[in-house]
Amino acid sequence: MAVADFWRFAMPDLKVNNTRGLFAEFLVHHAVGSRRPRVEWVSHDVETGDGLRIEVKTSAYVQAWEQRRHSDIRFSGLRARTWTPMAGYSGTKSYNADVYVFAVQTARDHAAYDPLDTAQWEFYVLARPTLEKLDVDSLGLAAVRTAAGEPVDVHALADRIRSLDPRPSRDAGASDHGR
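Definitions and cut-offs
Residues numbered from 1 in each chain as written. Predicted model: local features only at pLDDT ≥ 70, side-chain atom pairs only at ≥ 80, totals over all residues. Heavy atoms only, no water. Salt bridge = Lys/Arg side-chain N within 4 Å of Asp/Glu carboxyl O. Helix = DSSP H or I, 4+ residues; strand = E, 2+ residues; numbered from the N terminus. Buried < 20%, exposed > 50% of the residue type's maximum accessible area, 1.4 Å probe, protein only. Core = buried A, V, L, I, M, F, W, Y, C linked by side-chain atoms within 4.5 Å. Contact = heavy atoms within 4.5 Å.

1. Let's talk about the pattern of salt bridges
- In this structure the tally under the stated criterion is 16 salt bridges.
- Of the charged contacts in the structure, one is a salt bridge between Asp50 and Arg167, with a shortest N-O distance of 3.1 Å. Highlighted residues: Asp50 in the loop between strand S1 (46-47) and strand S2 (53-60) and Arg167 in the segment after helix H5 (154-163), separated in sequence by 117 residues.
- Judged by its relative accessible area of 17%, Asp50 is buried.
- For Arg167, a relative accessible area of 14% gives the class buried.
- Here the salt bridges do not stand alone but share partners, grouping Asp50, Arg162, Asp165 and Arg167 into one network.

This is the structure in structure tokens:
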């Protein structure tokens, strides 16, 4: 028995919503050069070496099941309750990341769907203050495009994320951003 056997059993299809979401988190994790492992219960998906917290939301036109039409691209759960071992869940929902990445797997038919082909992914990035001004729990793709502008590919993703980091400036010695 090997880890690959478990992966084949538990995650055989990267079209499945939760698996596609994990894969998109991995793409962002890799793009920003994070070395921090994924932790299920924290309030964000990816964290850089200098503490930039990134939430990744994912959607796709094609799903694992048969469809009569493409899925609408929608991103939900933008606000969430935080959890700590000592206090449990917080009483209110909040925006819990510094930057939000909206990842769209763009394939339009099952035969062409290849989640490993990063050319089939578009990434839109919003800073937390922008979402706070929108004051929403979910966004459709049109609203994301209006707020974020043009998408970037995986190769330009880290630069877009860093350009939207809303945290106060760090001293000059921290310019490598933990990469």
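2. Looking at the nonpolar core
- Membership of the largest hydrophobic core comes to 21 residues, with the highest contact counts inside it found for Val28, Ile54, Val101, Trp121, Phe123, Leu157 and Ile161.
- Elements with a minimum of two residues in this core: helix H2 (17-31), S2, strand S6 (99-105), strand S7 (121-127) and H5.
- At five residues, H2 tops the list of elements feeding residues into this core.
- Apart from the residues within four sequence positions on either side, Leu157 is in contact with Val28, Ala31, Val101, Phe123, Val125 and Val152.
- Counting 16 residues, the second largest nonpolar core, distinct from the first, contains Tyr95, Tyr124, Leu126 and Leu131.

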